[in-house]
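Residues per chain, in single letters:
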Amino acid sequence: MTHSYRVVHSGDSRSFPASHAFIEQADAQGASRIFVGEGAGAAFAKAVELGACPFVAVELGHECLGVHTGEQKGHEGSNVVGFARFRLGRADPTPLVELVRQPQTRDAAIAAAKAAFEAAGLKVAVCGDFPGRIVDRLVRPYLNAALRRLDEKLASAEDMDKTLCLGLGYPEGPISLLERTGLAEHHDATHALYLALGQEPYAPARRAQVAKAREGRA
Amino acid sequence: MSEIKTIGIAGAGTMGAGIAIVCARAGFRTRVFDLKQDALDRARSQTEGFLRKSVERGKLAGEKLPEIMAQWSGTTRLEDFADCDLVIEAVFESLPVKHDLFGKLDRICGPQAIFASNTSTISITEIAGGSGRPDRFVGMHFCLPAQLMKLVEMSPGLATSEETLARAWTVCEAMGQKPVKTQDTPGFVLNYFLIPFNNDAIRLVEQGVAEAADIDLAIKTGMGYAMGPLELLDLIGMDTQKLLCEAMHGVTNEPRAACPPLVKRMIAAGWLGRKSGRGFHPYADSKMYGA
């Protein structure tokens, strides 16, 4: 079963900043439509005749899919899905695509979109239309807690990283990970979640705030 | 600084038996105490079984097996710890039980002996308060399974002397383990981060954000973790997670450490994880709880 699709580019794409099989395999006559880039939502809003597409996928930033498709008392959903390839700050994109569905999104559209991403070697996790989707929702509180506990001298940065790598088999400890992928970038991601969810564990930790402030001065 | 040659392990459960393997394998005279003889017999048999497999896998020279087993001895009499230079406690997480144990040990062991607790959630300072020798008391938190995991969280209590920490650190390295220093706070480093992280993953399921399989896939693929949080919870067991939550939340009051209602419902349903054949994922090859 092939899932041919057209790609509509609208500015820089955080999911596909460089050449990738998923983009290369696009077909100008494809039946489905993929909107990529920072202007994906706006381009989707202007597009017409999407109802017959097996699926329509809109690249998301921090926002919910409902921002682009609208919501109707919990009955929202069509052939449109949202997606974002997970990447932590400045790190390269991972093979993970978080595929966003609304309550009534058609199962066939989800299956078709999933198959298209997987055909390009990506792995797809399906989630509801919630701020932070899956990975950010889980790792941002953990990373904030690590930064806070570093300030509180729970352990040195090196010992904290070593403990989590040796004890849980994590490939990299939280402090090293944040230093490598960007504390200011962490600030932006977790601040967006804090605004959306209003929960304290998402409030940017002091070290992330400092990094953001210094970035503004540079 | 006196040399540590004989180590006592109090408690022959999974954790104590694993720590005893680490000690005996490193050449220390290792004495394991438990009130129940069958627990000691099981620990000894598990130790032999583990070492035999290590030999089969080429990780241990065959002639080392009897040497290591000769270092290992079990006892139901705490008085047999009289000549121990270090006692590591690995009994269940109850402050009164630990105080009672260390109170007795303080009368039995020589003044040079240092005491350590493998607790993962109770304050080292509080346990040391009932030991009669808080200056010679330290936290040594091994990871499960101790015989395979290298990490040991070393936590000094408020009164722990620098010499005690240094002696325990040295013996830990001599065991071939990798010590890290942490504050004496609930969960130390590992559980402080792990328990709330796992709870957050459970809440994503509760709130319908994603299915368990999608959450595990996302974390493994996005973060490169070897296991997803819900797979790990199935391994730990919902009953254990509840106990860990209660111990940590009871001290810290941190909302993320509070046991999610879904855990309690899963326990009521017998969905404990791998050990019952069903947790967040089904395990067809495991025994079904209550079946």
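Note that the structure is a prediction, hence the values are computed from the model and not measured.

Parameters at a glance
Residues numbered from 1 in each chain as written. Chains lettered and ligands numbered in written order. Predicted model: local features only at pLDDT ≥ 70, side-chain atom pairs only at ≥ 80, totals over all residues. Heavy atoms only, no water. Helix = DSSP H or I, 4+ residues; strand = E, 2+ residues; numbered from the N terminus. Expected span 1.5 Å × (residues − 1). Buried < 20%, exposed > 50% of the residue type's maximum accessible area, 1.4 Å probe, protein only. Contact = heavy atoms within 4.5 Å. Salt bridge = Lys/Arg side-chain N within 4 Å of Asp/Glu carboxyl O. Core = buried A, V, L, I, M, F, W, Y, C linked by side-chain atoms within 4.5 Å. Pairing = 2+ DSSP bridges. Axes fitted to C-alpha atoms, helices over the stretch in contact; angles between N-to-C directions.

J.: I'd like to hear about helix H1 (residues 14-25) of chain B, residue by residue, with values.
T.: All names here are of chain B. Between its first and last C-alpha, H1 extends 17 Å over twelve residues, near the 16 Å set by a 1.5 Å rise per residue. Among the twelve residues in H1, ten count as buried, and that is most of the element. Met 15, Gly 16, Ala 17, Gly 18, Ile 19, Ala 20, Ile 21, Val 22, Cys 23 and Ala 24 are the residues of H1 that are buried. At the exit of H1 stands Gly 27, carrying a positive phi of roughly 95 degrees.

J.: Run through helix H4 (residues 95-108) of chain B, naming residues and quoting values.
T.: Residue and element names in this part refer to chain B. In a regular helix each residue adds 1.5 Å, so 14 residues correspond to 20 Å; H4 covers 20 Å between its end C-alpha atoms and thus fits that length. For H4, every residue scored as buried is listed here: Lys 98, Leu 101, Phe 102, Gly 103 and Leu 105. The secondary structure elements touched by the buried residues of H4 are strand S1 (6-10), strand S2 (29-33), strand S4 (86-89), strand S5 (114-117), helix H5 (124-128) and strand S6 (137-142).

J.: Can you break down the pattern of salt bridges residue by residue, with the values?
T.: As enumerated under the stated definition, the model contains 24 salt bridges over all chains in all. Between Glu152(A) and Arg149(A) there is a salt bridge, with the nearest N and O atoms lying 2.6 Å from each other. A salt bridge links Asp135(B) to Arg136(B), with the shortest nitrogen-to-oxygen separation between them at 3.3 Å. Using a relative accessible area of 33% as the deciding quantity, one classes Asp135(B) as partly exposed. Here the salt bridges share partners, and the residues they tie into one network are Asp151(A), Arg206(A) and Arg207(A).

J.: Break down the nonpolar core for me, with residues and values.
T.: Residues Ile134(A), Phe193(B) and Phe280(B) are the most contacted members of the largest nonpolar core, which totals 73 residues. Counting residues per element, this core draws most heavily on helix H5 (residues 135-151) of chain A, which supplies nine residues. In this structure, Phe193(B) is in contact with Tyr142(A), Ala145(A), Ala146(A), Arg149(A), Leu154(A), Met160(A) and Leu164(A), ignoring residues within four places of it in sequence. In terms of nonpolar packing, the next biggest core, distinct from the first, is built from 40 residues, Ala12(B), Ala20(B), Ala39(B) and Leu165(B) among them.

J.: So what about the sheet that holds strand S3 (residues 56-59) of chain A? Which residues, and what values?
T.: In any sheet, the strands associate via hydrogen bonds between backbone groups, in a parallel or an antiparallel arrangement. Residue and element names in this part refer to chain A. Taken in spatial order, the six strands make up an open sheet running S1-S2-S3-S4-S5-S6, and their pairing is mixed. Looking at the sheet topology across the chains shown, the edges are occupied by strand S1 (5-9) and strand S6 (123-127). Between one strand axis and the next, the sheet turns through 25 degrees on average, direction left out of account. Pairing between strand S4 (residues 80-85) and strand S5 (residues 96-100): four bridges, direction antiparallel. When the sheet's bridge partners are listed, Gly 82 is paired in S5 with Val 100.

Interpretation in functional terms is not warranted from these geometric data alone.
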